[in-house]
Amino acid sequence: MAKDFIVYLDLPTHFHPPIRQVWLICLIFAHTPYDTGLKQFRKMSTIIYPSPVFGPVHSRRLGISLGINLMPADGKICTFDCIYCECGFNKDHRTKTPHPSREAVARALEAKLKEMQRQNVHPDVLTFAGNGEPTSHPHFAEIIDDTIRLRDEYCPKAKISVLSNSTFIHRPKIHEALSKVDNNILKLDTIDPAYINKVDRPAQPSYDVNRIIAGIKAFKGQAIVQTMFLKGTTEDGTDVDNTSEAFVAPWLEAVREIAPREVMIYTIDRETPDQFLRKAAPEELNAIRDRVIALGIPCTASY
Ligand code: SF4
């Protein structure tokens, strides 16, 4: 006997904020919770995305966004392990399958774009995001080239967005690939190394925030900086509030130095794997937003 589930899919917290505000309501018909893994999703309130293509997601502000997930469909692989990640902690979602190949991504994307064309549905944006860091895919650069080709063929008006945690932007091939996309959205939650180790938790001990800042700056105004502001504590009681002047002032200085095309600030929106995190207040985000705008840099706040 089929069993019905209504699942509210939100996007990982590093997704383009306007996309995150959209709740995608999926009616899923499954034989048992165990068949689909939905039991785990519901219990942990985290989400693992289909791969390599998912959606489209309909957004009032962005329009129709088709997701491209370069990670395996059975778990999460990320160079960060953010305590607010809506895919959950890395350790809880080990993958057993490989990344989708370049060819599989192109095939799935082309098939979806053809299907949408037949339905007279035209994506406004093709968004690289999902269960981890897209630029960690060994063929990320080639996949961007394939995506541009397919976009030009099937939906020339659509923008291509990449949501990245910035880990690999110093690699020439990744820099070049990200330079080709319409929305190169790069995470910079703070410039405090201790905070980064507490909240973003980079997997590489060599992670150096100054190198990340230099890497974003190297896009010469093409990149969009995305920053999470939050409050509360970790599960062991460590304060993770990054809305105070001690965090905001040096971050603003880095933003001024980077001079990005735009800044997007946001806060947690859904339940997080670390249960004691709290949202930053709208007025706090608005005040930070206004300080970015005062630097002459467009900025949006989502909460
Ligand atoms: S950077 Fe990685 S761990 Fe952090 S929110 Fe994004 S997918 Fe999750």
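Note that the structure is a prediction, hence the values are computed from the model and not measured. (Residues numbered from 1 in each chain as written. Predicted model: local features only at pLDDT ≥ 70, side-chain atom pairs only at ≥ 80, totals over all residues.)

**Q** Just to check I follow, could you spell out the overall build of the protein for this structure?
**A** Secondary structure assignment for the protein yields 10 helices and 12 strands. Every one of the 303 residues in the protein was classed for burial, and the buried ones make up 42%. Once local pairs closer than 6 in sequence are excluded, the contacts in the protein between residues at least 24 apart make up 72%. (Helix = DSSP H or I, 4+ residues; strand = E, 2+ residues; numbered from the N terminus. Buried ≥ 20, exposed ≤ 12 C-beta atoms within 10 Å, placed from the backbone. Contact = placed C-beta atoms within 7 Å.)

**Q** I keep staring at the sheet that holds strand β12 (residues 299-302) and nothing clicks. Help me out?
**A** What links the strands of a sheet is backbone hydrogen bonding, and the strands pair in either a parallel or an antiparallel sense. Reading across from one edge, β3-β4-β5-β6-β7-β8-β10-β12 is the order of the eight strands in this open sheet, with mixed pairing throughout. Of all the strands in the sheet, the pair left with one neighbour each is β3 (53-59) and β12. Averaged over neighbouring strand pairs, the angle between their axes works out to 20° when direction is ignored. Of the pairings in the sheet, the one linking strand β6 (residues 159-164) to strand β7 (residues 183-187) comprises four bridges and is parallel in character. Bridge assignment links Leu163 to a residue of β7, and that residue is Ile185. (Pairing = 2+ DSSP bridges. Axes fitted to C-alpha atoms, helices over the stretch in contact; angles between N-to-C directions.)

**Q** Even after reading the chapter, I still don't get the packing of helix α5 (residues 140-154) against helix α6 (residues 172-179), so can you show me in this structure?
**A** Here α5 crosses α6 at 20°, and the two axes come no closer than 9 Å. The angle between α5 and α6 falls in the class roughly parallel. Pair α5 / α6 crosses with left-handed handedness. Where α5 abuts α6, its residues Phe140, Ala141 and Ile144 lie against Lys173, Ile174, Glu176 and Ala177. (Parallel < 35°, antiparallel > 145°, perpendicular 65-115°, else oblique. Left-handed = near helix turned anticlockwise from the far one by under 90°.)

**Q** What am I meant to see in the pairing of β3 here?
**A** On a regular strand, each side chain points to the face opposite its neighbour's, so the side chains alternate between the two faces of the sheet. Burial analysis of β3 places five of its seven residues in the buried class, which makes it a mostly covered element. Relative to strand β4 (residues 63-68), β3 is paired through five bridges, and the arrangement is antiparallel. If you follow His58 over to β4, its bridge partner there is Ile64.

**Q** Whenever I open this one, unusual backbone geometry confuses me. Can you help?
**A** Of all residues except glycine, most have a negative phi; of all peptide bonds, most are trans. In this structure, the amide linkage connecting Ser51 to the following residue, Pro52, adopts the cis form with an omega of 5°. Its location among the elements puts Pro52 in the loop between α3 (38-44) and β3. Cis peptide bonds are those with omega within 30 degrees of zero, and the linkage from Gly55 to Pro56 qualifies with 10°. For Pro56, the location among the structural elements is in strand β3. The residue Asn120 is not glycine, and still its phi comes out positive at about 60°. With respect to the secondary-structure elements, Asn120 resides in the loop between α4 (102-118) and β5 (125-128). Residue Asn120 is classed as exposed on the basis of its 6 C-beta neighbours within 10 Å. Of note, the phi angle at Ala259 is positive, near 50°, even though the residue is not glycine.

**Q** For this particular structure, what's the right way to read the nonpolar core?
**A** Side chains that are nonpolar tend, in soluble globular proteins, to be buried together. Of all hydrophobic cores here, the largest spans 66 residues; its most connected members are Tyr84, Leu186, Ile216, Val225 and Ile265. Once you skip the residues sitting within four places of it in the chain, Ile265 turns out to touch Thr227, Phe229, Leu285, Ile288, Arg289, Cys299 and Ala301. (Core = buried A, V, L, I, M, F, W, Y, C linked by C-beta atoms within 7 Å.)

**Q** I would appreciate a short explanation of the packing of α4 against α5 in the present structure.
**A** How two helices pack is summed up by the angle between their axes together with the distance between the axes. Relative orientation of the contacting elements α4 and α5 amounts to 20°, with a least axis distance of 10 Å. Of the possible angle classes, the one that applies to α4 and α5 is roughly parallel. Between α4 and α5 lies a crossing of right-handed hand. Between α4 and α5, the contacting residues are Arg102, Val105, Ala106, Leu109, Glu110, Leu113 and Gln117 on the first element and Glu142, Ile143, Asp146, Thr147, Leu150 and Tyr154 on the second. Within the contact of α4 with α5, the residues separate by chemical class into seven nonpolar, two polar and four charged. (Nonpolar A, V, L, I, M, F, W, Y, C, P; charged D, E, K, R; others polar.)

**Q** Please explain the environment of Val121 as it appears in this structure.
**A** Inspection of the secondary structure assignment puts Val121 in the loop between α4 and β5. Linking Val121 and Pro56, residues 65 residues apart in sequence, is a C-alpha distance of 9.6 Å. Every residue in contact with Val121, bar those within four places of it in the chain, is listed here: Ile64 and Met116.

**Q** It is not clear to me how the pairing of β12 should be interpreted in this structure. Could you clarify?
**A** Residues Cys299 and Ala301 of β12 are buried on one face, while the alternating residues Thr300 and Ser302, pointing to the opposite face, are not. Bridge analysis of strand β10 (residues 262-266) against β12 gives four bridges, and the strand direction is parallel. Residue Tyr266 lies in a different strand from β12, and its bridge partner there is Ser302.

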